[in-house]
Amino acid sequence: MTLRIDKPPFLVAVDVVAAVLALYLVVRPTIRRTLAGLLAAAVGAGIGWLATWLLIDVLDVFGVALTPVTRMWAVLAFAGIGLAVANLFRSRWWRKLVAVLSIPVFMVMAAAGINVDFGEYRDLNDALGVVPYPALSFHSERGEVADIGTDYASTWTAPASVPAKGAIGTVRIPATESGFAARKAVVYLPPAALTPKPPVLPVLYAFSGQPGAPADVFTAGRIGQTMDAFAATHHGVAPIVVAADQLGGPGRNPMCVDSAKFGNSATYLLKDVPSWIKAHFRVSSDSAAWSVFGYSQGATCAVQFLTGHPTIFGSALASSSELGPTLGDRASTVQSGFGGSVTAFEDAQPAHLMTTHAPYENSMLILGVGQNDAKYTSFARTLDADATQAGIRTRLLISPGTAHDWNTVRYTLRNGFPLIAAHLGLTS
């Protein structure tokens with residue numbers, strides 16, 4: 001279950017097996033049957049191309065763009081299946097058996113290629129949603145809210161030895177006020193937080209996309225590695241990362257607002273979670289020391305929180321954000337998420353929030369998007385323009401050759417977090 005399905009040993013092995021099977025299925029006793037197999041493969045490839053075009057470009061079933069690489073793997077899978085089906089006719093029983101067995105191989109080959117292009121699963125545990133992190137062990141559960149702005153160094157004398165890496169673990173954050181049915185959060189503690197007398201540290205919320213789970217930002221987003229790399233060059237200091245559950249389930253989308261249908265997601269994230277953080281860790285009272293990161297639906301939440309609550313969050317890093325909370329279309333969003341109130345829906349949109357709170361005194365918004373993600377690139381440019389007009393410092397990052405995927409997320413983290421770190425006061 002921990003075999004790396006995103007690395008060359010597995011990928012090359014699957015591709016070689018698929019190629020051998022395809023070659024066997026192509027070579028038939030007569031030229032006519034060989035040509036029939038090739039024609040079936042071509043027909044299968046055409047069906048694959050048509051299916052991706054119809055589902056993605058016409059019907060927009062998934063709401064996101066697919067890269068040419070992902071489309072290629074889908075076409076190859078259909079071509080292989082077409083070739084296999086052709087071998088079920090006028091063939092010996094063993095060729096039929098090979099043809100049947102080759103179909104799942106072609107599907108695995110394509111799935112593995114698409115996974116690499118999408119950049120999500122490292123192994124089967126990730127694909128099955130198994131959280132690989134233990135319960136988090138605290139060195140101290142006595143929290144403190146310090147009025148030090150972002151002068152973290154004034155609260156700490158670094159010991160002679162600091163752990164090389166931080167710790168990642170799961171915690172249950174009580175929904176005391178909200179009653180929101182949240183799953184366990186995943187928390188990253190930087191090396192400095194693991195010392196006997198840790199410093200005051202900044203906080204970074206982290207939200208996955210939807211469908212998704214809190215662990216996704218660590219398993220697929222590799223945010224723990226990003227923080228460890230930063231801490232390694234900053235004496236063990238990095239933000240405390242709290243990936244709280246903003247969804248309540250992989251198929252749910254409460255949109256980070258309070259609603260009768262989906263529960264009080266906003267209250268949970270804006271009151272219950274901060275209260276728990278302040279009760280367990282040494283943190284600053286300054287909004288400049290609090291940031292929020294997210295991907296897709298989580299990125300939309302990040303933009304909502306930055307623009308709607310500048311006294312809580314001073315910065316946001318949003319990878320592939322939508323323009324605002326949505327369930328896919330305006331009518332269902334208003335009805336299900338806002339109890340039928342058009343006014344409540346419009347008031348929750350970042351464009352309205354930015355107009356209400358402008359001018360912002362000390363806020364930063366970093367927007368990341370994939371080069372091949374035309375829809376979300378348009379969203380990002382709109383948000384960038386609105387935020388700039390409202391007085392928010394912005395930066396738009398374009399991830400080369402990626403789309404609406406975790407490769408874009410990791411690019412956004414690599415290139416956007418240094419800017420957030422400066423705003424958090426961790427670098428000059």
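Higher on the page you've got the structure.
Let me sum up the structure you'll find in this document.

Definitions and limits used
Within every chain, residues take consecutive numbers counted from 1 along the sequence as written. The predicted nature of this model means local features are confined to residues of pLDDT at least 70 and side-chain atom pairs, given and counted, to a pLDDT of 80 or more, with totals for whole chains, interfaces and linings taken over all residues. In computing side-chain properties, one takes all heavy atoms of the structure into account and sets aside hydrogens as well as water. Only runs of H or I of at least four residues qualify as helices and only runs of E of at least two qualify as strands under DSSP, and these elements are numbered from the N terminus. Atoms considered for the radius of gyration are the C-alpha atoms alone. The globule rule reads 2.2 Å times the number of residues to the power 0.38. Any two residues having at least one pair of non-hydrogen atoms within 4.5 Å are treated as being in contact. Accessible surface is estimated by sampling points in the Shrake-Rupley manner with a 1.4 Å probe; for residues, cover comes only from the protein chains shown. Charged residues are defined narrowly, with Lys and Arg counted positive, Asp and Glu counted negative, and His plus the chain ends left uncounted. For the purpose of locating charges, the reference atoms are NZ of Lys, CZ of Arg, CG of Asp and CD of Glu. Nitrogen and oxygen atoms within 3.5 Å of one another constitute a polar contact, given that in protein one can donate a hydrogen and the other can accept it, and given that sequence-neighbouring residues count only through two side-chain atoms. To count as a disulfide, a pair of cysteine sulfur atoms needs to be within 2.5 Å. Under the scheme applied here, a residue whose accessible area is under 20% of the maximum for its type counts as buried, over 50% as exposed, and between as partly exposed, the area being computed with a 1.4 Å probe on protein chains only. A pair of strands is treated as paired once DSSP finds two or more bridges between them. Note on geometry: axes are C-alpha line fits, over the in-contact stretch for helices, and angles between N-to-C directions span 0 to 180 degrees. Each salt bridge in this description consists of a side-chain nitrogen of Lys or Arg and a carboxyl oxygen of Asp or Glu lying within 4 Å of one another. The handedness of a crossover follows from its direction of travel: if, with the strands pointing away from the viewer, the path from the first strand over the helix to the second runs clockwise, the crossover is right-handed. Grouping buried Ala, Val, Leu, Ile, Met, Phe, Trp, Tyr and Cys residues that are joined through side-chain atoms within 4.5 Å yields what is termed a nonpolar core.

A short note on the overall build of the chain
No. 1: Counting secondary structure elements, the chain contains 14 helices and twelve strands.
No. 2: For 428 residues, the compact-globule estimate of 2.2 N^0.38 gives 22 Å, and the chain sits close to it at 24 Å.
No. 3: In terms of overall dimensions, the chain has C-alpha extents of about 85 × 55 × 40 Å along its principal axes.
No. 4: Here the contacts in the chain between residues at least 6 apart in sequence split such that 77% fall between residues at least 24 apart.
No. 5: For the chain, the exposed surface amounts to about 19000 Å²; the carbon and sulfur share of it is 63%.
No. 6: Of note, the chain has its 30 positive side-chain charges centred 14 Å away from the centre of its 28 negative side-chain charges.

Digging into the side chain of Ser259
No. 1: Note on placement: Ser259 falls in strand E6 (residues 258-259).
No. 2: From its side chain, Ser259 meets the backbone nitrogen of Phe262 in a polar contact 3.1 Å long.
No. 3: In this view, Ser259 contacts Asn264, Ser336 and Gly337; residues no more than four positions away in its chain are not counted.

Let's talk about the state of the cysteines
As used in these notes, a disulfide is a covalent bond between sulfur atoms, one from each of two cysteines.
No. 1: For the coordinates displayed, the defined rule picks out one disulfide.
No. 2: Residue Cys256 pairs covalently with Cys301 via a disulfide, S to S 2.1 Å. Since a negative S-S torsion denotes a left-handed disulfide, the Cys256-Cys301 link at about 95° is right-handed. Taken as a pair, Cys256 in the loop between strand E5 (240-243) and E6 and Cys301 in helix H9 (residues 297-308) lie far apart in primary sequence, 45 residues in all. The pair formed by Cys256 and Cys301 is uniform in burial state, with each residue classed as buried.

Re the sheet that holds strand E11 (residues 364-370)
No. 1: The strand order across the open sheet formed by eight strands is E2-E3-E5-E4-E9-E10-E11-E12, and the pairing between neighbours is mixed. Because the sheet does not close on itself, it has two edges, and the strands there are strand E2 (167-171) and strand E12 (393-399). Averaged over neighbouring strand pairs, the angle between their axes works out to 15° when direction is ignored.
No. 2: Contacting E2, strand E3 (185-189), strand E4 (203-207), E5 and strand E9 (290-295), helix H8 (residues 265-280) crosses the sheet at an angle of about 135° to E4.
No. 3: Its contacts with the sheet place helix H13 (residues 374-389) against E11 and E12, and it is angled at close to 165° to E11.

Thoughts on the pattern of salt bridges
No. 1: Scanning the model with the defined rule gives eight salt bridges in all.
No. 2: Across the salt bridge formed by Asp6 and Arg4, the nearest N and O atoms sit 2.9 Å from each other.
No. 3: When the shortest N-O distance is used, the salt bridge between Asp126 and Arg122 registers 2.8 Å.
No. 4: A relative accessible area of 9% places Asp126 in the buried class.

Considering the pairing of E12
No. 1: Sheet topology places E11 next to E12; seven bridges connect them, and they run parallel. Bridge pairing in E12 links Leu365 to Thr394.
No. 2: Viewed along the sheet, the connection from E11 through H13 into E12 turns out right-handed.

Here's the deal with the environment of His309
No. 1: Along the chain, the position of His309 falls in the loop between H9 and strand E10 (315-319).
No. 2: When the C-alpha atoms of His309 and Gly248 are compared, they prove to be 22 Å apart, with 61 residues separating the residues in sequence.
No. 3: If near-sequence neighbours (up to four positions away) are discounted, His309 is found in contact with Leu270 and Gln304.

Some words on the nonpolar core
No. 1: With 83 residues, the main nonpolar core has Tyr205, Phe218, Ile223, Val273, Ile277 and Phe293 as its most contacted residues.
No. 2: In this structure, Phe218 is in contact with Tyr133, Ile168, Val186, Val187, Tyr188, Ile223, Gly224, Gln225, Val241 and Ala243, ignoring residues within four places of it in sequence.
No. 3: Ile5, Ala77, Ala84 and Ala110 belong to the second-largest nonpolar core, a separate cluster that totals 17 residues.

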